[in-house]
Amino acid sequence: MSGHSHNHGHGCGHEATDVDHALEMGIEYSLYQKIDMENLECLNEESDGDGKKVFKSYEERLDVTKFVKSDCDEELLFNIPFTGNIKLKGIIVAGANDDSHPNKMRLFKNREKMTFDDAQAKADQEFELTRDCRGEVEYSPKVVTFSSVHHLSIHFASNFGDDNTKIYYIGLRGEFSEAHHHGVTICSYEARPNVSDHKNEAFDSVTRTIQ
């Protein structure tokens with residue numbers, strides 16, 4: 001098993017601590033707000049659009065009315081584009097307390113529009129999952145590997161023995177930064193300079209960006 005997990009559950013009798021903890025986790029697990037939902041894909045979902053429903057607030061993780069269920073077999077593949085770059089630090093996967101809960105998670109960084117055939121390649125990181133119906137187990141991606149991610153693919157290859165996989169919540173924790181204009185974007189400025197519109201200033205700004 002690669003990676004490791006942390007149980008964030010608390011014992012009874014610590015209501016105030018639990019409230020503070022929930023607020024803290026809600027703030028930390030807010031990367032779902034940075035997902036380009038319009039272009040998010042879930043392959044092999046039973047009902048179109050259900051894959052998007054599992055990316056919700058930490059406070060909604062126990063809402064069992066929103067879930068995704070696999071269709072023809074137990075596999076699910078999420079293609080998750082972000083509106084900028086993220087540094088991924090934690091993942092929570094909550095499912096039912098039965099055999100439909102996924103038992104393996106495979107992560108792929110910056111490989112857009114992946115298919116199940118593509119997912120046969122070696123993953124950037126894999127985790128063996130435990131049943132987690134309350135969203136309390138956090139899995140920690142390698143920080144070096146997942147420090148600059150604009151697209152994340154998550155492949156759930158199998159579950160604990162059911163014909164179909166069901167997921168209620170996928171939480172993503174980390175840091176977000178706006179996408180920077182570089183590379184091809186700068187080249188396009190150079191290829192089509194607007195001579196009449198402060199040409200020197202435009203090239204100066206490009207130079208500063210490169211530096």
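Placed above this text is the structure.
Structure report, in brief. Values in this document were obtained by computation on a predicted structure and should not be read as measured data.

Next up on the list: the overall build of the protein. Within the protein one finds three helices and nine strands. Helices and strands appear in the protein in the N-to-C order β-α-β-β-β-β-β-β-β-β-α-α. A fraction of 79% describes how many contacts in the protein between residues 6 or more apart in sequence connect residues 24 or more apart. When the accessible surface of the protein is summed, it comes to about 11400 Å², and 47% of that surface belongs to carbon and sulfur atoms.

This part covers the pairing of strand 6 (residues 125-128). What you see with strand 6 is a clean split: Q125 and F127 sit on the buried side and E126 and E128 on the side with no burial. The sheet contact formed by strand 5 (residues 104-109) and strand 6 spans four bridges and is antiparallel. When the sheet's bridge partners are listed, K104 is paired in strand 6 with E128.

A few words on the nonpolar core. By size, the foremost hydrophobic cluster in this structure holds 29 residues, and its most contacted members are F78, M105, L152, F156, I170 and L172. Counting residues per element, the ones that place at least two in this core are strand 4 (76-95), strand 5, strand 7 (137-139), strand 8 (149-156) and strand 9 (166-178). With eight residues, strand 4 is the largest single contributor of residues to this core. Apart from residues no more than four positions distant in its own chain, M105 is found in contact with I91, V93, Q125, E126, F127, L129, Y139, I154, H155 and F156. Judged by nonpolar contacts, the second largest core, of six residues, contains Y29, I92, A94 and Y169.

Another point: the environment of L172. In this structure, L172 sits in strand 9. For the pair L172 and I86, spaced 86 residues apart in sequence, the C-alpha to C-alpha distance is 10.0 Å. L172 has contacts with E28, Y29, S30, L31, I35, F55, F82, L88, G90, I91 and L152, leaving out every residue within four places of it along the chain.

The next subject is the environment of K122. Topologically, K122 is positioned in the loop between strand 5 and strand 6. Separated by 14 residues in the primary sequence, K122 and F108 have C-alpha atoms spaced 8.6 Å apart.

Another aspect to go through is the side chain of N103. Among the secondary structure elements, N103 is positioned in the loop between strand 4 and strand 5. In this structure the side chain of N103 is engaged in a polar contact, spanning 2.9 Å, whose partner is the backbone oxygen of N159. Contact partners of N103, with chain neighbours within four places excluded, come to F127, E128, L129, S158, N159 and F160.

Our focus in this paragraph is the packing of aromatic side chains. Applying the stated criterion across every chain, the model contains five aromatic pairs. On the basis of an interplanar angle of 65° and a centroid distance of 5.7 Å, the ring pair of F67 and Y168 is categorised as edge-to-face. On the criterion of sequence distance, the pair formed by F67 in the loop between strand 2 (41-43) and strand 3 (68-69) and Y168 in strand 9 is long-range, its members being 101 residues apart. Taking relative accessible area as the criterion, F67 reaches 26% and is therefore assigned partly exposed. Cluster of aromatic residues (ring-pair linked, three or more members): F55, F78 and F156. Lying across the ring of Y58, R61 places its NZ or CZ 3.9 Å from the centre.

Each value, and the rule that gives it
Numbering of residues begins from 1 in every chain and follows the order in which that chain's sequence is written. With pLDDT at 70 or above as the cut-off, local features in this predicted model cover only qualifying residues; side-chain atom pairs require 80 or more to be listed or tallied, and sums for whole chains, interfaces and linings still use all residues. Neither water nor hydrogens contribute to the side-chain values; these are computed over all heavy atoms in the structure. Only DSSP runs of H or I reaching four residues or more are called helices, and only runs of E reaching two or more are called strands; each is numbered from the N terminus. Working rule for contacts: check all heavy atoms of both residues, and any pair within 4.5 Å makes them a contact. The accessible surface values rely on the Shrake-Rupley method and a 1.4 Å probe; as for residues, cover is taken only from the protein chains in view. Relative accessible area decides the class of each residue, using a 1.4 Å probe on protein chains only: under 20% of the type maximum gives buried, over 50% gives exposed, and in between gives partly exposed. By this definition, two strands are paired if DSSP reports at least two bridges between them. Throughout, nonpolar core names a set of buried Ala, Val, Leu, Ile, Met, Phe, Trp, Tyr and Cys residues whose side chains join them through atoms within 4.5 Å. Polar contacts, as used here, are pairs of N or O atoms within 3.5 Å; protein pairs need one atom able to donate a hydrogen and one able to accept it. Residues neighboring in sequence count only if both atoms are side-chain atoms. Classification of ring pairs uses Phe, Tyr and Trp, with its six-membered ring standing for Trp, and accepts pairs whose centres are within 6.5 Å; under 30 degrees between planes counts as stacked, over 60 as edge-to-face, and the remaining range as tilted. A ring is scored as having a charge over it whenever the NZ atom of a lysine or the CZ atom of an arginine sits within 6 Å of its centre and within 35 degrees of its normal.

Keep in mind these values describe shape, not function.
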